[in-house]
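Summary of the model geometry
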Amino acid sequence: MSQTDARSLELSDTTWQRVSPKYIVVDVIGYVIFGIIAVGAVALPAILSGNVWLWALPASLAIIFLITIALTPRRVRAIGYQLRADDLVYRRGILFQRFVAVPYGRMQLVDINRGPLARAVGLSELKFVTAAASTAITIPGLPMETAEHLRDQLVALAESRRAGL
């Protein structure tokens, strides 16, 4: 990718809003819990059979989880959104970046979800859906007040765009 192509991905007319740094803790704890369960389940054949070679699979899975956990802070810092005049732009990803622009008039549902880990640290996720399933976006790691304000703002913008104002 040339420098011109890389700069075209940087939407510089406004600043990117980032998710809360507390989301790193939520994501890491989620991966640790899932990793322990997954590695434990994959280790069962090695435990029950006593075959030393079967330990390669849970060991490699544990390494993958450790690498994922180590990259979590950088991955969370890459999540952001911009409210522009006609649409909301969402970005995520380090190696494989995804940029999605959703016009306000196309939004059909704006929802706030709070899992137990996120609720424990005061965070929530904002999900909004359009008629096209590929443009459903979930912004994780938002403080509850920010998520509620953003939901109300997006609903108002969507209503005004659908009304043609």
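Residues numbered from 1 in each chain as written. Predicted model: local features only at pLDDT ≥ 70, side-chain atom pairs only at ≥ 80, totals over all residues. Heavy atoms only, no water.

Considering the overall build of the protein
In plain terms, the rule: Strands here mean DSSP runs of E at least two residues long; helices mean DSSP runs of H or I at least four residues long; both are numbered from the N terminus. Burial status follows relative accessibility: with a 1.4 Å probe on protein chains alone, a residue under 20% of its type maximum counts as buried, one over 50% as exposed, and anything between as partly exposed. In this description, contact between two residues means that some pair of their heavy atoms is separated by no more than 4.5 Å. Here the open area of atoms and residues is found with the Shrake-Rupley method and a 1.4 Å probe, where only the protein chains shown may cover a residue.
Regarding its fold elements, the protein presents 5 helices and 7 strands. Its helices and strands taken in sequence order, the protein reads α-β-α-α-β-β-β-β-α-β-β-α from the N to the C terminus. Expressed as a percentage of its 165 residues, the buried residues of the protein come to 30%. Taking the contacts inside the protein whose residues are at least 6 apart along the sequence as the reference set, 51% of them involve residues at least 24 apart. With the model as given, the accessible surface of the protein reaches about 10,100 Å², and the carbon-plus-sulfur share is 64%.

Details of the side chain of aspartate 27
With respect to the helices, strands and loops of the structure, aspartate 27 is situated in helix α2 (residues 22-49). Taking relative accessible area as the criterion, aspartate 27 reaches 13% and is therefore assigned buried. When residues no more than four places from it in sequence are discounted, the contact partners of aspartate 27 are Thr72, Arg75 and Val76.

So, the environment of proline 21
Along the chain, proline 21 turns up in the loop between β1 (17-18) and α2. The exposed category is assigned to proline 21, whose relative accessible area is 62%. Separated by 120 residues in the primary sequence, proline 21 and glycine 141 have C-alpha atoms spaced 7.8 Å apart.

Examining the packing of aromatic side chains
Centre-to-centre distance and the angle between the planes together describe a pair of aromatic rings. In plain terms, the rule: Here a pair means two rings of Phe, Tyr or Trp (six-membered ring of Trp) with centres within 6.5 Å. Their orientation is stacked below 30 degrees between planes, edge-to-face above 60, and tilted elsewhere. Here, a charge over a ring means that NZ of Lys or CZ of Arg falls within 6 Å of the ring centre while also lying within 35 degrees of the ring normal.
With the rule as written, the count across this model stands at 2 aromatic pairs. Across from the ring centre of tryptophan 16, 4.4 Å away, lies the NZ or CZ of arginine 91, which sits over that ring.

Regarding the packing of α2 against helix α3 (residues 56-77)
Inclusion rule: What counts as an axis is a line fitted to C-alpha atoms, over the stretch in contact for a helix, and the angles between N-to-C directions run from 0 to 180 degrees. Angles are sorted into four bins: roughly parallel if under 35 degrees, roughly antiparallel if over 145, roughly perpendicular if 65 to 115, and oblique for all others. Under the scheme applied here, ten amino acids are nonpolar (Ala, Val, Leu, Ile, Met, Phe, Trp, Tyr, Cys and Pro), four are charged (Asp, Glu, Lys and Arg), and all others, including Gly, are polar.
For the pair α2 and α3, interaxial distance at closest approach is 10 Å and the crossing angle is 175°. Here α2 lies roughly antiparallel to α3, going by the angle between them. Residues Tyr23, Ile24, Asp27, Val28, Tyr31, Val32, Phe34, Gly35, Ala38, Val39, Val42 and Ala43 of α2 touch α3, and the partners they reach there are Leu57, Pro58, Leu61, Ala62, Phe65, Thr68, Ile69, Thr72, Pro73, Arg75 and Val76. Looking at the contact of α2 with α3 residue by residue, the classes come out as 18 nonpolar, 3 polar and 2 charged.

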